[in-house]
Amino acid sequence: MKRYIPNLIPDQHRVMPHYFKESKSLENPEKKTSNAWWFVFLILFLLAIAVLPVYAGLSFWLLLMSFLVAPSVTDFLEQKLRFQYTPKLKLQVFAGLSLIAVLPGYQFTVKRQEIIVQRTFEEKQAQQKAFLAIQAEEKAAALDKARKNSLQLRLAKIEPALKKKQYSKAIQQLVEIQNQLRDTDTQESKMVRQQLALAYVSTHQFAKALPLYTRLIENESDNSDYLYQRAICFQKSNQTLEAVTDAYHASQYGSKAGEKLYNQLNPEKKRLLYYQTVCCDGSYSPSNAKGRGACSHHGGVCDWNYPIYETYRKYDVSRL
């Protein structure tokens, strides 16, 4: 390319004044091509990163293509392999890799479609399960409500029999209801156990009432009425220690009947411990002296053998 230095020859000595002109600087076409390839590299690299979480195969090919068109990589390859990586050759490589990438791209499309179909199926299945679960809950709630209403009606019919002291009939019906409820801890089960236990106590079937009161106490350990009733059952079953224990705990929870039964089953008793010398001023001789001079400073001896007792109960259940 010719290079012109302006004003080197004066105007009057120029032979061809119109020939020697400064040429306009042209932009390097290689720079434009390099920028274009850098742009292609950036697009392919971003696509590779975007596709990577979904399909690694297509991401690999896009990443390989991006590096093989990057100008810095091509320059490195030209230096190491000693060949000229022309734009034409670069286009051929790019086209070849694009054809090879068709298969991963197709697989990616198919796999993505399969994922969409699978997700749609799973969503529909989840919606169906949720709908069926709601239906099942509503059906169970309706059945439970109907069962409770039926049970309440049956219990309401038993109350007159209990009031009329028709215990045999009431016990038969209560046992049937208890078998239907099985071993549950619902409010209805609690009512049935309570009424059946009272019916057993009223008919002096204390052994049958015991497990019912035990189950009631397991759920309400501070119920003084249950404790008192079980104490009665223990008493009638000749299990005195157990009866005393329940009567004591019932009294601790405020049951007057329990306190009365506790004192009846486990009354306070006295026993003699020893004899003590008592002075006339009411004090005791610390050495329990019996000879002369005892209580000399306390008005003399008024009683040489004053009995000292202690109070106790046969069953010590305060620590149980």
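So, here is what we can say about the structure in this document. Quick caveat, the model's predicted, so the values are computed rather than measured.

### As for the state of the cysteines
Note on terminology: disulfide describes a covalent bond linking the sulfur atoms of two cysteines.
Okay, step 1: If you walk through the whole model with that rule in mind, you get one disulfide.
Okay, step 2: The partner cysteine of Cys280 in its disulfide is Cys302, sulfur to sulfur 2.0 Å. Because the sign of the S-S torsion sets the handedness, a value of about 125 degrees for the bond joining Cys280 and Cys302 places this disulfide among the right-handed ones. Of the two residues, Cys280 is situated in the loop between strand S1 (268–279) and strand S2 (301–313) and Cys302 in strand S2; the sequence distance between them amounts to 22 residues.

### Here we look at the environment of Asn219
Okay, step 1: Within the element layout of this structure, Asn219 appears in helix H8 (residues 206–219).
Okay, step 2: Accessibility expressed as a relative area gives 49% for Asn219, which makes it partly exposed.
Okay, step 3: In the structure, Asn219 is positioned 29 residues away from Lys190 in sequence and 9.3 Å away in space, judged by C-alpha atoms.

### Regarding a nonpolar patch on the surface
Okay, step 1: The grouping of Phe39, Ile43 and Leu47 at the surface amounts to a nonpolar patch, some 290 Å² of accessible area in total.
Okay, step 2: With respect to the helices, strands and loops of the structure, Ile43 is situated in helix H1 (residues 29–51).
Okay, step 3: Given the relative accessible area of 37%, Ile43 is considered partly exposed.

### A word on the pattern of salt bridges
Okay, step 1: Counting across every chain of the model gives five salt bridges.
Okay, step 2: Close ionic contact of Arg215 with Glu218 constitutes a salt bridge, the shortest N to O distance being 3.8 Å. Placement of the pair is Arg215 and Glu218 together in helix H8, with a separation of three residues, close to one helical turn.
Okay, step 3: By relative accessible area, Glu218 is classed as exposed at 56%.
Okay, step 4: For Glu310, the salt bridge goes to Arg271, with nearest N and O atoms at 2.5 Å. Of this pair, Glu310 sits in strand S2 while Arg271 sits in strand S1; the two residues are 39 residues apart in sequence, bridging distant segments of the chain.

### Quick notes on unusual backbone geometry
Okay, step 1: Backbone geometry places Lys165, a non-glycine residue, at a positive phi of 60 degrees.
Okay, step 2: Looking at where Lys165 falls in the secondary structure, it is placed in the loop between helix H5 (102–163) and helix H6 (167–181).
Okay, step 3: Look at Asn238: it is not a glycine, yet its phi comes out positive at around 60 degrees.
Okay, step 4: Within the secondary structure, Asn238 sits in the loop between helix H9 (224–236) and helix H10 (240–252).
Okay, step 5: Residue Asn238 is classed as exposed on the basis of its relative accessible area of 70%.

### Brief notes about the nonpolar core
Okay, step 1: Ranked by internal contacts, the top residues of the largest apolar core, which has 40 residues, are Leu155, Ile158, Ile177, Tyr213 and Cys233.
Okay, step 2: Broken down by secondary-structure element, the contributors of at least two residues to this core are H5, H6, helix H7 (187–202), H8, H9, H10 and helix H11 (256–265).
Okay, step 3: If you look at the next biggest cluster of nonpolar residues, it comprises 10 residues, including Trp37, Leu58, Val69 and Ala70.

Cut-offs applied
Residues numbered from 1 in each chain as written. Predicted model: local features only at pLDDT ≥ 70, side-chain atom pairs only at ≥ 80, totals over all residues. Heavy atoms only, no water. Disulfide = S-S within 2.5 Å. Helix = DSSP H or I, 4+ residues; strand = E, 2+ residues; numbered from the N terminus. Buried < 20%, exposed > 50% of the residue type's maximum accessible area, 1.4 Å probe, protein only. Patch = residues over 30% accessible without salt bridge, like charges linked within 9 Å, V, L, I, M, F, W, Y side chains within 5 Å. Areas by Shrake-Rupley, 256 points an atom, 1.4 Å probe, with all protein chains shown as cover. Salt bridge = Lys/Arg side-chain N within 4 Å of Asp/Glu carboxyl O. Core = buried A, V, L, I, M, F, W, Y, C linked by side-chain atoms within 4.5 Å.

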